[in-house]
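In case you want the letters, here they are:
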2 protein chains.
Amino acid sequence: MVGTLYGVGVGPGAPDLITLRAFRLITAAPVIAYPAPDTGESFARSIVGDMLHDGKIEVPIVIPMRTERYPAAEIYDRASTEITTHLDVGRDCVVLCEGDPFFYGSYMYLHDRLADRYACEIVPGIASPMASAAALGLPLVSRNDVLTIVPAPSDDDALRAQITAADVTVIMKVGRHAKRVVELIAAMGLTDCAHYAERVTIEGAQFTCPLAKLGDRTVPYFSMIIVQRKTQRGDV
Amino acid sequence: MVGTLYGVGVGPGAPDLITLRAFRLITAAPVIAYPAPDTGESFARSIVGDMLHDGKIEVPIVIPMRTERYPAAEIYDRASTEITTHLDVGRDCVVLCEGDPFFYGSYMYLHDRLADRYACEIVPGIASPMASAAALGLPLVSRNDVLTIVPAPSDDDALRAQITAADVTVIMKVGRHAKRVVELIAAMGLTDCAHYAERVTIEGAQFTCPLAKLGDRTVPYFSMIIVQRKTQRGDV
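This structure is a prediction, so every number in the text was calculated from the model and none was measured.

A.B. asks: What exactly am I supposed to notice about the packing of aromatic side chains here?
C.D. replies: Aromatic rings in a pair are described by how distant their centres are and how their planes are angled relative to each other. Residues and elements named next belong to chain A. Within this structure, the stated rule accounts for 12 aromatic pairs over all chains. Taken together, a centroid distance of 5.6 Å and an interplanar angle of 45 degrees make the contact between Phe43 and Phe222 tilted. Highlighted residues: Phe43 in helix H2 (residues 43-48) and Phe222 in the loop between strand E9 (207-210) and strand E10 (223-228), separated in sequence by 179 residues. An aromatic cluster is present here, built from Phe43, Tyr221 and Phe222 joined pairwise through their rings. Its end group placed over the ring of Phe207, Arg217 keeps NZ or CZ at 3.6 Å from the ring centre.

Structural data, given as structure tokens:
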């Protein structure tokens with residue numbers, strides 16, 4: 001009897017924004033793996049920390065945070081090997097994933113390595129664009145609106161083209177790209193159609209504002225800008 | 001003391017894919033509103049049916065399903081008025097929304113009418129693209145991939161342009177547009193990069209396949225095609 005691998009989305013940060021299914025699997029599984037920085041706490045683990053009873057086996061997957069380039073393939077090879085030692089003796093393994101596992105999630109690197117050999121089940125999670133729209137009280141898309149999600153590291157030409165082609169654009173992982181992206185949106189004359197959001201469901205840390213009010217705020221990695229050129233809901 | 005209006009995402013269909021927060025609000029609220037067809041059961045209500053104890057006040061918002069044009073503004077005006085009669089006497093109202101409330105959800109029409117007069121809170125839900133990717137075992141986007149979500153009723157030129165500009169495209173609400181969209185993807189030479197998914201989390205009703213295997217299947221409204229021109233995860 002081999003174990004099952006579960007890629008489990010734990011949502012954007014608030015513990016009560018995990019699903020009932022995620023809760024059941026996390027509390028039942030004998031082994032929990034999660035991405036962790038080389039120093040400090042794992043964000044994914046912190047979301048469900050109160051649900052982890054004593055005696056669970058924990059497998060932190062340590063990803064260096066301070067360098068652009070790190071030996072990713074080697075890290076996921078090693079984590080996969082450690083996880084298989086548990087699966088092979090019949091222990092189910094839950095891999096915690098911030099947000100949704102298949103939406104810019106690192107779980108997919110484990111999935112690529114293990115899905116052909118083990119039973120895998122993915123539990124979708126609340127993705128950050130939906131959480132940010134909820135926190136802003138900003139309906140995101142309606143009717144036949146086109147929504148594009150584009151990471152901020154994309155170059156200026158790509159960002160401009162994507163914003164122009166979509167009705168609504170979500171620019172993810174703004175972080176150190178904030179100044180460049182904010183200026184690009186201003187040059188397109190779209191500042192007044194844009195909002196900013198960071199850590200939206202984390203109590204005490206959440207912050208949202210119209211983009212025009214962002215000023216010189218230091219922008220974290222987990223942040224986004226939503227640009228709504230137009231939406232089609234006005235006529236209902 | 002007036003009540004609070006909650007726009008609550010109930011996810012793609014499986015009852016255990018609602019969040020802990022949604023579960024708490026749904027079981028506690030004295031009034032539950034939901035979209036309903038003119039004949040048959042409300043899909044949103046069916047997801048949480050087992051959680052609705054006796055004595056809850058239910059407000060179905062009846063949307064005619066068989067016509068393209070219906071008096072939408074009038075329907076939401078009337079529903080808003082009915083909901084305010086409860087809010088005004090201090091009853092919290094939960095509006096159930098399939099998927100996520102602000103992601104092509106009809107809740108936003110109530111929000112537009114009520115948010116300036118009542119306290120509103122949005123509870124994000126699992127959106128269908130993430131649920132479909134999970135059901136297909138198909139990592140959706142990674143690293144700096146651009147994801148575009150486009151409704152199938154868009155015209156051919158728009159669909160082609162969006163598919164060409166994005167790394168990954170999710171075509172929503174395929175339904176009666178299936179033949180046209182499938183032929184368009186084939187003409188672009190992208191059939192082998194595409195998958196099909198319908199009702200993915202509904203037990204006994206779910207169906208997924210590579211697009212090449214869709215054949216002349218009758219495609220329901222709640223269905224999608226995912227086209228992955230390229231993704232950037234290969235190098236990890």
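A.B. asks: Could you clarify how one ought to interpret the relation of the copies chain B and chain A in this entry?
C.D. replies: Both copies of the chain are related by one operation, a rotation about an axis with a shift along it. Rotating chain B by 180 degrees and moving it 0.0 Å along the rotation axis overlays it on chain A with an RMSD of 0.0 Å. One copy is carried onto the other by what is essentially a two-fold rotation axis. Both copies contact each other with a shared surface, as 100% of the interface residues of chain B are interface residues in chain A too.

A.B. asks: Sorry if this is basic, but what is going on with the sheet that holds strand E4 (residues 93-97) of chain B here?
C.D. replies: The pairing of strands in a sheet happens through backbone hydrogen bonds and is either parallel or antiparallel. Residues and elements named next belong to chain B. Read from one edge of the open sheet, 5 strands run E3-E2-E4-E1-E5, paired in parallel fashion. Each having just a single partner strand, strand E3 (57-63) and strand E5 (120-123) make up the two edges of the open sheet. If you compare each strand with its neighbour and ignore which way they point, the axes differ by 20 degrees on average. Across 4 bridges, strand E1 (residues 5-9) lies against E5 in parallel orientation. If you follow Gly7 over to E5, its bridge partner there is Ile122. Together, E1, strand E2 (31-37), E4 and E5 form the strand contacts of helix H1 (residues 20-28), whose direction differs from that of E1 by roughly 135 degrees.

A.B. asks: Got a minute to help me understand the interface of chain B and chain A in this structure?
C.D. replies: One widely used convention gives an interface's size as the accessible area the parts lose upon coming together. With 55 residues of chain B in contact, the opposing surface of chain A contributes 56 residues. Carbon and sulfur atoms make up 64% of the surface buried where chain B meets chain A, a total of about 4500 Å² over both sides. At the surface where chain B touches chain A, the tally comes to 4 salt bridges. Asp16(B) serves as the salt-bridge partner of Arg21(A), at 2.9 Å between the closest nitrogen and oxygen. Classifying every residue of the side of chain B that touches chain A gives 36 nonpolar, 9 polar and 10 charged.

A.B. asks: Help me understand the pattern of salt bridges in this model?
C.D. replies: It is possible for side chains of opposite charge to pair when their charged atoms get near one another. As enumerated under the stated definition, the model contains 20 salt bridges over all chains in all. When the shortest N-O distance is used, the salt bridge between Asp16(A) and Arg24(B) registers 3.6 Å. A residue pair is termed interchain when its members come from two chains, as with Asp16(A) in the loop between strand E1 (5-9) and helix H1 (20-28) and Arg24(B) in helix H1. Where Asp157(A) meets Arg160(A), a salt bridge forms, and the shortest distance between an N and an O atom there is 3.0 Å. Here the residue Asp157(A) and the residue Arg160(A) both occupy positions in helix H6 (residues 156-165), the gap between them amounting to 3 residues, near one helical turn. Residue Asp157(A) is classed as exposed on the basis of its relative accessible area, which comes to 56%. Looking at Arg160(A), the relative accessible area reads 34%, which means it is partly exposed.

Criteria and thresholds
- Residues numbered from 1 in each chain as written.
- Chains lettered and ligands numbered in written order.
- Predicted model: local features only at pLDDT ≥ 70, side-chain atom pairs only at ≥ 80, totals over all residues.
- Heavy atoms only, no water.
- Phe/Tyr/Trp six-rings, centres within 6.5 Å; stacked < 30°, edge-to-face > 60°.
- Helix = DSSP H or I, 4+ residues; strand = E, 2+ residues; numbered from the N terminus.
- Lys NZ or Arg CZ within 6 Å of the ring centre and 35° of its normal.
- Least-squares fit on C-alpha atoms with pLDDT ≥ 70 in both.
- Contact = heavy atoms within 4.5 Å.
- Pairing = 2+ DSSP bridges.
- Axes fitted to C-alpha atoms, helices over the stretch in contact; angles between N-to-C directions.
- Buried area = accessible area lost by both parts, 1.4 Å probe.
- Salt bridge = Lys/Arg side-chain N within 4 Å of Asp/Glu carboxyl O.
- Nonpolar A, V, L, I, M, F, W, Y, C, P; charged D, E, K, R; others polar.
- Buried < 20%, exposed > 50% of the residue type's maximum accessible area, 1.4 Å probe, protein only.

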